[in-house]
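# Descriptive structure summary
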Amino acid sequence: MIQKYLIPTQTICTHYNIEISFVDTLNQMGLIQIEIIEQEQFIHQEQIGNLEKIIRLYNELHVNLEGIDVVLNLLNKEKELKNEVISLKNRLRLYEND
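Attention here is on the structure that accompanies the text. Here the structure is a predicted model, which is why all the values come from computation and not from measurement.

Turning to the sheet that holds strand β2 (residues 34–37), a few remarks are in order. The antiparallel open sheet is built from 3 strands, whose spatial order is β1-β3-β2. In this open sheet, the two strands that pair with only one neighbour each are β1 (6–8) and β2. Taking the axes of each pair of neighbouring strands and ignoring which way they run, one obtains an average angle of 45° across the sheet. In terms of strand pairing, β2 meets strand β3 (residues 40–44) through 4 bridges, oriented antiparallel. Residue pairing in the sheet places I37 in a bridge with E40 of β3.

So, on to the environment of V71. Within the element layout of this structure, V71 appears in helix α4 (residues 65–96). Measuring from C-alpha to C-alpha, the distance between V71 and Y58 comes to 11 Å, with 13 residues separating the pair along the chain.

Attention now goes to the nonpolar core. Note on soluble globular proteins: their nonpolar side chains tend to be buried together. Of all hydrophobic cores here, the largest spans 18 residues; its most connected members are L26, I43 and I54. Listing elements by their share of this core, those giving two or more residues are α1 (9–16), α2 (20–29), α3 (48–59) and α4. Element by element, the count of residues in this core is highest for α3, at 5 residues. When sequence neighbours within four positions are dropped, the list of residues in contact with I43 reads Y5, L6, I7, T9, I12, V23, I32, Q33, I34, I48 and L51.

Each value, and the rule that gives it
- Residues numbered from 1 in each chain as written.
- Predicted model: local features only at pLDDT ≥ 70, side-chain atom pairs only at ≥ 80, totals over all residues.
- Heavy atoms only, no water.
- Pairing = 2+ DSSP bridges.
- Helix = DSSP H or I, 4+ residues; strand = E, 2+ residues; numbered from the N terminus.
- Axes fitted to C-alpha atoms, helices over the stretch in contact; angles between N-to-C directions.
- Core = buried A, V, L, I, M, F, W, Y, C linked by side-chain atoms within 4.5 Å.
- Buried < 20%, exposed > 50% of the residue type's maximum accessible area, 1.4 Å probe, protein only.
- Contact = heavy atoms within 4.5 Å.

Laid out in structure tokens, this is it:
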């Protein structure tokens, strides 16, 4: 992984006003992935959007971490189902146009 796409967790915690222990817990639960390089923790920039969702669910809606895990799994399942519907519609169009 290219290091320029990694953001130090300390920077993220300062920016979002969260504790490092919160980020560690998210990592332990598998909700985000932390990269460790030379004893410093980093989060890949692609995970920032997911982290922002988690922070909003936790702080604004007061959803506990287990609930956040369920919500994220349901959102991923919804995305998969939408993609499957699109794929099936495209296949159906092939047969309808014949």
